[in-house]
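Read off the chains here:
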Amino acid sequence: MERILFYFLALVMVVFAIKAVTSRKMLRSVIYLLFVLMGIAGIYFMVDYTFLAAVQLAVYAGGVIVLIIFSVLLVHHIELRLDVATATRKWAALLLSALGAGLTLFAIYSYPFQAVENRNVTEIEVIGAGLLNTGDGGYILPFEVISILLLAVMIGAIVIAKGEKLENNK
Amino acid sequence: MIAGVSIYEILTVTTLLFFIGIYGFLTRKNMITMLLSVELILNASAINFVIMNKYLFPENLEGVYFSIFIIAIAAAESALAVAIIINLYKLVTSVEVEDTETMKY
């Protein structure tokens, strides 16, 4: 059952990812990306990291995709079809990515992974305790750095998006 | 771990997603669609962290922490990129890569 579900999710993700990077309507390619991200959240649910799946759904489906849809609506006419790359560039990109994928898959399949059988379910408390741990193997410093980064990004985004008007008000 | 699914199959899917993102990044000419491709690449690598964590080192949670940080940085990156794109659209009324030739505003 889980196997069938995984293959279904994998098929959905790959098909929609291809549609997202080749669709000529911009808004549609954003929605296709949303399906890929939800498929990724499904994978997180299947490996029992429910907190991570919830974060993925909240941040990506709820935040990033809405932000990108807003920017598409602000800067782009929806009926307009996107320019396609020249055939040479397309084939070069396809060759390059196929080559990279082949190399990576070769590396993956030639490495003997020692998978450990387990059905561990991770409690959210454990994740929170690890993130706020100040001892060995604790992640308090990156956690705080991320919070400062988010603050800086928030201020930066406001300043950049306001642009001209902010200068004139001085 | 997912019953009946080996780590190789999941890594195959994430590799495909990653290189589909690379393909999109190389062929797209519009900045927003390039941003979408970058999101795809970042997500593919985030799943890799989680899967390695779950299949190889289930006692630790390092992969989960790194995925959370990747998600946070990706959100920050896309917010800044959208701000830059909107500002750029005000200045040159276009978000095509070819039309943005100078860094002077």
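Above this text you will find the structure in question.
Residues numbered from 1 in each chain as written. Chains lettered and ligands numbered in written order. Predicted model: local features only at pLDDT ≥ 70, side-chain atom pairs only at ≥ 80, totals over all residues.

J.: Looking at this structure, I do not really get the interface of chain B and chain A. What am I missing?
T.: You'll often see interface size given as the accessible area lost when the parts meet. With 60 residues of chain B in contact, the opposing surface of chain A contributes 71 residues. Those elements giving two or more residues to the side of chain B that touches chain A turn out to be α1 (7-27), α2 (31-56) and α3 (62-92) of chain B. With 20 residues, α3 of chain B is the largest single contributor of residues to the side of chain B that touches chain A. (Contact = placed C-beta atoms within 7 Å. Helix = DSSP H or I, 4+ residues; strand = E, 2+ residues; numbered from the N terminus.)

J.: Looking at this model, I keep getting lost on the nonpolar core. Mind explaining?
T.: The nonpolar side chains of soluble globular proteins are, as a tendency, buried together. Membership of the largest hydrophobic core comes to 68 residues, with the highest contact counts inside it found for V36 of chain A together with V50 of chain B. Put simply, the parts of the chain that give this core at least two residues each are α1 (2-22), α2 (26-46) and α3 (50-75) of chain A together with α1, α2 and α3 of chain B. If one sorts the elements of this core by residue count, α2 of chain B sits on top with 13 residues. (Core = buried A, V, L, I, M, F, W, Y, C linked by C-beta atoms within 7 Å. Buried ≥ 20, exposed ≤ 12 C-beta atoms within 10 Å, placed from the backbone.)

J.: How should the packing of α2 of chain B against α3 of chain B be read in this particular structure?
T.: To characterise two packed helices, one gives the angle between the axes of the helices and the distance between these axes. All names here are of chain B. Between α2 and α3, whose axes approach to 8 Å, the crossing angle comes to 175°. In terms of their interaxial angle, α2 and α3 are classed as roughly antiparallel. Only E62, G63, V64, F66, S67, I70, I71, A74, S78, A81 and I85 of α3 make contact with α2, whose side of the interface consists of M31, I32, L35, E39, L42, S45, A46, F49, V50, M52 and N53. In terms of residue class, the contact of α2 with α3 is made up of 15 nonpolar, five polar and two charged. (Axes fitted to C-alpha atoms, helices over the stretch in contact; angles between N-to-C directions. Parallel < 35°, antiparallel > 145°, perpendicular 65-115°, else oblique. Nonpolar A, V, L, I, M, F, W, Y, C, P; charged D, E, K, R; others polar.)

Distances and angles like these do not, on their own, reveal function.
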